[in-house]
Amino acid sequence: MKFNAFGGGSPANTTFAGLELYNGNAEVLLLGNGFPRATWSGDALLGPRYFDFQPVTTVVTNDWHTLVAKIVFNPGAADTLVVWFDPDFNQSETNQVNVTTNILTDCSFNAVRLRCGNTPAAVAFSNIIFSATAAGVGFGGQSPLYADTAQMLTFHNDNARSGLNTNELVLTPANVNTNTFGKLFSYAVDGFVYAQPLVLTNVNIPNKGPYNHNVVFVATEHGSVYAFDANDNDGANATALWQTNLVPAGETTVPSGDVGSSDLVPEISITSTPVIDASNGTIYVCAKTKAVIGGSNHYIHRLHALDIATGAEKFGGPATIADTIYSGGNYTYVSGPSVPGNGDGSVGGVVNWNARCQFIRLALCLLNGVVYVGFASHGDQRPYHGWLLGYNATNVSQLASSFNSTPNGADGGYWQSGGGPAVDAEGNLYLITGNGDFDATGPTFSSTNNFGMGFVKLSTTNGLVLTDYFTPANWASLSAADADLSGAPLVLPDAAGSAAHPHLLVGAGKEGRIYLVDRDSMGRFNSGGDQVVQEFYGLVGGGQNGSFDTPVFFQNKLYYWATGDRLKAFTLTNGVSDPTPTQGATTSGH
């Protein structure tokens, strides 16, 4: 852990006494006083898990210092604590002056607080780094700036799409209110923002020192990606740390009128949420553009791999996903993926990827070195299919795998209201397809079948292979009414399951019906009734006003907030849900 700690002085004019680790309201460990390293001496262990430094000279006031503390956890045995004060960040960990002690029992904590003099510790820190080594928090030449523990590297925080920040140290139901919680500052951008902003901490931005930055990344429909300082917009942080526009010279964003839909106006470029690989310092972004070449309109999708510190392209990016010419109602497929099939838009038994009609709604997903991008269309403009493509994360021009949901039919796009594929512990991907053709009604199925209007499970062990699915018994009427499965799936933790159904998946749609599905045996299709663990009808929205969101699961409660409805919480017990939810007081306007 690394902290910037203020040593005494105004406004309280009290003596700084240290940083303390707390577990609930119980003090776990005191981590030293605000004095220069030379004036400190290691004191005795004052009790289990309590370590103190005592001053020997005058208190230093109105001065900033950096405290680095590393705890080596040994479950069931004594943990080891190493503390450095104002370390030299150009020195290795072993060359630092430090104090080391054993903690007599396991050290578990969930809060860090500031203590001044004899005043009880009450001020919690939000800016903390957790790392397996001291190098991870600043040694080895990194700038000594703190960083938030909470990072947001993908849509809904993790690949299960839980929406849960398990490292939250500051925000509570008590302090998130109109008096103490709200907008701190804002930045102007050049277009509409539909993609979820992402956050990466402790980033070294060239020529933006002397300290590292906590960075929020924002992508716009004008084709721009911004990197802003997430902590403040003062001084040098008043403008973007960097900005790059992904529209090549001579091209434009796509005008809404070109795709026959007013879902997004006035222009289209970056809509889906990017994904960050913190291990190699890359943010992956998908952008759509238009080029007029020789009088012909080209519609082009590209996958970009950008350096998180500079915005520069890397790993062979940008890679062209597809380039399609549209002229006089006819399509020419310049480049792009294809699969065998006789589905909508096929030519000679081949279904080509149509770059004008296909549109990426799905958030990007990074899994085991592959970046997955999924597509539906612009307002059901055909021909389109549900395409999921996987690209090598370190060579984005290499298409590693692909899956088409309706190779011998039409539609079946991955909409999910902007949500991402949900991933289980075995690396299986779960997606929900919208209105479209379905024909896997027999006891067996294959990738040549059509899987519109349902849940699909894809193995990633050897490419993208369909291994199971669930399609509602009323899929045909749902498709005819455009009442498709519009929400995104959520992989529930094993603790939410039961002995009979230990691995659960949940999803919903416009009809307002929630499906609780067994991931090990999803139920497939049964014309006599759905073979799922549980389903509810009419409890969230309804008609065309059901679920357009990704649910959240926290403390055995499943949260949904449907269009025109109130926030609702369903309690799960032993793998099933209470059919009567608790609900909030505010009705959603959308």
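Structure shown above.
Residue indices follow the written sequence of each chain, beginning from 1 at its first position. Selection of residues for local features in this predicted model requires a pLDDT of at least 70, selection of side-chain atom pairs for listing and counting requires 80 or more, and totals for whole chains, interfaces and linings are taken over all residues. The basis for every side-chain value is the complete set of heavy atoms in the structure, and neither hydrogens nor water enter the calculation.

*Asks:* Explanation requested: the packing of aromatic side chains in the structure shown.
*Replies:* Think of a pair of aromatic rings as described by two things: how far the centres are apart, and how the planes are tilted against each other in angle. Note on aromatic pairs: the rings of Phe, Tyr and Trp (six-membered ring only in Trp) are paired at centre separations within 6.5 Å, and the planes decide the class, stacked below 30 degrees, edge-to-face beyond 60, tilted for the rest. Taken as a whole and assessed by the stated rule, the structure comprises 20 aromatic pairs. Ring plane angle 20° and centroid distance 5.8 Å describe the contact between Phe 536 and Phe 570, whose orientation is recorded as stacked. On the criterion of sequence distance, the pair formed by Phe 536 in strand E37 (residues 534-537) and Phe 570 in strand E40 (residues 566-573) is long-range, its members being 34 residues apart. Only protein chains enter the calculation, and the probe is 1.4 Å; a residue is then buried if its accessible area is under 20% of its type maximum, exposed if over 50%, and partly exposed in between. Phe 536 sits in the buried class, given a relative accessible area of 10%. When its relative accessible area of 1% is taken as the criterion, Phe 570 is described as buried. In this structure an aromatic cluster arises from ring pairing among Phe 438, Phe 445, Phe 451, Tyr 469, Trp 475 and Phe 525. Over the ring of Tyr 326 we find Arg 356, and its NZ or CZ is 4.1 Å from the ring centre. Helix numbers and strand numbers start at the N terminus; a helix is a DSSP run of H or I with at least 4 residues, a strand a run of E with at least 2. Note on criteria: charge over ring means Lys NZ or Arg CZ within 6 Å of the ring centre, with the direction from the centre no more than 35 degrees off the ring normal.

*Asks:* Before we go on, may I ask you to explain the sheet that holds strand E30 (residues 422-423) in this structure?
*Replies:* The pairing of strands in a sheet comes from backbone hydrogen bonds and takes either a parallel or an antiparallel form. The antiparallel open sheet is built from 4 strands, whose spatial order is E30-E31-E32-E33. Edge strands, defined here as strands with exactly one partner in the open sheet, are E30 and strand E33 (465-470). Strands pair, by our definition, only if DSSP identifies at least two bridges between them. As paired elements, E30 and strand E31 (residues 429-433) share 2 bridges and run antiparallel to each other. Across the sheet, residue Ala 422 finds its bridge partner in E31, namely Tyr 430.

*Asks:* Which parts of the structure should I look at to understand the side chain of Glu 251?
*Replies:* Relative to the assigned elements, Glu 251 resides in strand E15 (residues 251-252). When its relative accessible area of 17% is taken as the criterion, Glu 251 is described as buried. A distance of 2.8 Å separates polar atoms of two side chains, one belonging to Glu 251 and the other to Arg 302. Contacts are assigned to residue pairs with any non-hydrogen atoms lying within 4.5 Å of each other. Each residue touching Glu 251, except ones within four places of it in the same chain, is listed here: Thr 289, Lys 290, Ala 291, Ile 300 and Arg 302. Within 3.5 Å is the distance limit for a polar contact, defined as a pair of N or O atoms, with the added protein rule that one can donate a hydrogen and the other accept it, and that residues adjacent in sequence qualify only through two side-chain atoms.

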